[in-house]
Each structure stands twice: as structure tokens, then as C-alpha cells.
Amino acid sequence: MFKDKKIFAIILFSFSSILCFSQNWQLLNPAYKYNFYTTNQSIVAATVWVDSIKNNTSYLNRIVTPCDTCISAHLANDFYDTAYVLSNQPTFLQRKLLILPNGSYNLIDKGNVMIHTTDTLNSTWIFDSINNINAQLIAK
């Protein structure tokens, strides 16, 4: 009789663990680098990764971009003038990724983008507060 209860408990535990499966979803996994491509191109347009983490804030990699508004008396300052660059610039995903307790992600720097991961279907929120852009959850 004791052996039957033990087998039943193991079977019950096995099935309950299958029903309780959930994915540990992250917007950006710190162990990976993400390559982004533009439409119909095979060349990587941007690479994004988590540079460092402190508390609930992930700091994303920064890039160097050409400065098209820098002025020099010694240079032609035309389109091909690449003598000046801006360093420590954010990628399109900003500089900081703040993980909020409610399961939302806030991408902060020059922009302010909010991604809600626990909302219900058809819910809306302000996706980009700087440009006043709304988002709506249409599928899960």
C-alpha cells in the first residue's frame, strides 16, 4: 500500500510540473548579442547587447556616429567629412533598460519607450511618451 502511494505521488508531481511550465521571458538576454538588419539587406545595421547591469537597470552598448553638424575651419564640412564623430551615442534601443516590478520594460535615454509584457489582449498604453505614440497588444 505504501509503495502505491509513493508511485501515485511521483506521477502526480510529474504532471503538475508539466502544467506549471512558464518561460522566463526577457526583452534582452544579457548572454546574447542581437543583430538587426534593415529590410531586404544582408548587412547588419545594428548590434545591441547588455553592456552591464546594476540593480534593475541594464545598460546597453553605445556606438560612435558621424557628426554632420560639427564645424571646423580647416575642413570642407561636406557629406564625406568624417573627421568628427560623436562617441557614446545610444542605439535605437536607448542607453538604459529599466525592468519594472509589474513586468514592464522602460527604454530610457533620448527617448522614453515602454513595453508591457503582462497586459491583457487589446490593452493600450503610451509606447513612446516623447513622440506621443500609443501601442496596443493585438496577439500573445
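Above this text is the structure in question.
Calculation rules
- Residues numbered from 1 in each chain as written.
- Predicted model: local features only at pLDDT ≥ 70, side-chain atom pairs only at ≥ 80, totals over all residues.
- Heavy atoms only, no water.
- Helix = DSSP H or I, 4+ residues; strand = E, 2+ residues; numbered from the N terminus.
- Areas by Shrake-Rupley, 256 points an atom, 1.4 Å probe, with all protein chains shown as cover.
- Pairing = 2+ DSSP bridges.
- Core = buried A, V, L, I, M, F, W, Y, C linked by side-chain atoms within 4.5 Å.
- Buried < 20%, exposed > 50% of the residue type's maximum accessible area, 1.4 Å probe, protein only.
- Contact = heavy atoms within 4.5 Å.
- Salt bridge = Lys/Arg side-chain N within 4 Å of Asp/Glu carboxyl O.

Draft legend 1. Representation of the overall build of the chain in the model. Assigned secondary structure in the chain consists of one helix and ten strands. Scanning the chain from its N terminus toward the C terminus, one meets helices and strands in the order α-β-β-β-β-β-β-β-β-β-β. Accessible surface computed for the chain: about 11,000 Å², of which carbon and sulfur atoms make up 59%.

Draft legend 2. Molecular detail of the pairing of strand S8 (residues 112–116). As judged from the five bridges shared by strand S7 (residues 104–108) and S8, these two strands associate in the antiparallel manner. Paired with Ile 108 across the bridge in S8 is Asn 112. Count of turn residues in the S7/S8 antiparallel hairpin: three residues.

Draft legend 3. Representation of the nonpolar core. With nine residues, the main nonpolar core is built from Leu 28, Val 48, Val 50, Leu 60, Leu 93, Leu 97, Tyr 105, Leu 107 and Val 113. Mapped by element, the contributors of at least two residues to this core are strand S2 (44–54) and S7. For Leu 93, the residues in contact, after removing those within four places along its chain, are Leu 28, Val 48, Leu 60 and Leu 107.

Draft legend 4. How the structure looks around the environment of Ile 99. Tracing the backbone through its elements, the reader meets Ile 99 in strand S6 (residues 96–99). Of the residues examined, Ile 99 reaches a relative accessible area of 34% and is grouped as partly exposed.

Draft legend 5. Molecular detail of the pattern of salt bridges. By the definition in use, this model includes two salt bridges. Notably, a salt bridge pairs Asp 109 with Arg 95, separated by 2.8 Å at the nearest N-O pair. A residue pair is termed long-range when its members are at least 10 positions apart, and Asp 109 in the loop between S7 and S8 and Arg 95 in the loop between strand S5 (85–90) and S6 qualify at 14 residues. Residue Asp 109 is classed as partly exposed on the basis of its relative accessible area, which comes to 29%. Overall, the relative accessible area of 21% leaves Arg 95 in the partly exposed class.

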